[in-house]
Amino acid sequence: MSLEGAVQQVQQQTNGRILTADSIPNGRNKIYRIKVLTPDGHVKVMQLHSNDTPSGKLPNKKRDGSGGH
(Lines give C-alpha, C1' and ligand atoms only; values in the text may rest on other atoms or scores of the structure.)
Protein backbone atom coordinates (compact mmCIF):
# COMPACT_ATOMS: atom_id res chain seq x y z
CA MET A 1 0.00 0.00 0.00
CA SER A 2 1.23 3.49 -0.85
CA LEU A 3 0.82 6.64 1.24
CA GLU A 4 -1.80 7.82 -1.23
CA GLY A 5 -3.69 4.55 -0.84
CA ALA A 6 -3.55 4.80 2.94
CA VAL A 7 -4.84 8.38 2.83
CA GLN A 8 -7.67 7.37 0.51
CA GLN A 9 -8.62 4.44 2.75
CA VAL A 10 -8.71 6.59 5.90
CA GLN A 11 -10.73 9.29 4.13
CA GLN A 12 -13.26 6.77 2.85
CA GLN A 13 -13.59 5.00 6.21
CA THR A 14 -13.97 8.14 8.32
CA ASN A 15 -15.60 10.48 5.79
CA GLY A 16 -13.32 13.07 7.37
CA ARG A 17 -10.86 15.70 6.26
CA ILE A 18 -7.21 14.65 6.09
CA LEU A 19 -5.04 17.09 8.04
CA THR A 20 -1.59 15.50 7.69
CA ALA A 21 -0.09 12.31 6.29
CA ASP A 22 3.42 11.12 7.08
CA SER A 23 5.49 8.14 6.07
CA ILE A 24 7.75 6.76 8.80
CA PRO A 25 10.47 4.19 7.98
CA ASN A 26 10.07 0.94 9.91
CA GLY A 27 12.73 -1.53 8.85
CA ARG A 28 11.93 -2.76 5.35
CA ASN A 29 8.41 -1.33 5.57
CA LYS A 30 6.85 2.01 6.38
CA ILE A 31 4.21 3.19 8.80
CA TYR A 32 1.75 5.74 7.51
CA ARG A 33 0.57 8.18 10.17
CA ILE A 34 -2.54 10.02 9.09
CA LYS A 35 -4.30 12.72 11.09
CA VAL A 36 -7.96 13.16 10.18
CA LEU A 37 -10.71 15.56 11.30
CA THR A 38 -13.90 13.54 11.59
CA PRO A 39 -17.31 14.95 10.62
CA ASP A 40 -18.23 15.18 14.34
CA GLY A 41 -15.23 17.47 14.97
CA HIS A 42 -12.79 15.01 16.54
CA VAL A 43 -9.17 14.68 15.44
CA LYS A 44 -7.96 11.10 15.15
CA VAL A 45 -4.54 9.75 14.31
CA MET A 46 -4.54 6.53 12.30
CA GLN A 47 -1.50 4.35 11.74
CA LEU A 48 -1.35 1.89 8.88
CA HIS A 49 1.55 -0.28 7.82
CA SER A 50 2.70 -0.23 4.20
CA ASN A 51 2.32 -4.02 4.04
CA ASP A 52 -1.35 -3.84 5.12
CA THR A 53 -3.72 -4.71 2.33
CA PRO A 54 -6.59 -2.32 1.70
CA SER A 55 -9.79 -3.67 3.25
CA GLY A 56 -12.94 -2.54 4.95
CA LYS A 57 -11.13 -2.13 8.26
CA LEU A 58 -8.55 0.32 9.55
CA PRO A 59 -5.86 -1.51 11.46
CA ASN A 60 -4.15 0.12 14.43
CA LYS A 61 -6.66 2.86 15.10
CA LYS A 62 -5.41 5.28 17.71
CA ARG A 63 -6.71 8.49 19.27
CA ASP A 64 -4.43 11.48 19.41
CA GLY A 65 -4.73 11.71 23.20
CA SER A 66 -6.15 15.23 23.25
CA GLY A 67 -8.96 13.96 25.49
CA GLY A 68 -12.31 15.58 25.91
CA HIS A 69 -15.67 14.31 24.71
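Our structure's up above, just so we're on the same page.
First, a word on what this report is: a plain description of the structure on this page. Predicted, not measured: the structure shown is a model, and the values here were computed from it.

What counts, and at which threshold
Residues numbered from 1 in each chain as written. Predicted model: local features only at pLDDT ≥ 70, side-chain atom pairs only at ≥ 80, totals over all residues. Heavy atoms only, no water. Helix = DSSP H or I, 4+ residues; strand = E, 2+ residues; numbered from the N terminus. Buried < 20%, exposed > 50% of the residue type's maximum accessible area, 1.4 Å probe, protein only. Contact = heavy atoms within 4.5 Å. Core = buried A, V, L, I, M, F, W, Y, C linked by side-chain atoms within 4.5 Å.

Some thoughts on the environment of D22
Link 1 in the chain: Take D22: it is sitting in strand 1 (residues 17–26).
Link 2 in the chain: Assessed through its relative accessible area of 35%, D22 is described here as partly exposed.
Link 3 in the chain: Distance in space between the C-alpha atoms of D22 and L3 is 7.8 Å, their sequence separation being 19 residues.
Link 4 in the chain: Among all residues touching D22, those that are not within four sequence positions of it are L3, I31, Y32 and R33.

Description of the nonpolar core
Soluble globular proteins tend to bury their nonpolar side chains together.
Link 1 in the chain: Counting residues in each nonpolar core, the largest one holds 7 residues, listed as A6, V10, Y32, I34, V36, M46 and L48.
Link 2 in the chain: Where this core is concerned, the elements lending two or more residues are helix 1 (3–14), strand 2 (29–37) and strand 3 (43–49).
Link 3 in the chain: Among the elements that line this core, the one with the most residues is strand 2, at 3 residues.
Link 4 in the chain: Contact partners of Y32, with chain neighbours within four places excluded, come to M1, S2, L3, A6, D22, S23, M46, Q47, L48 and S50.

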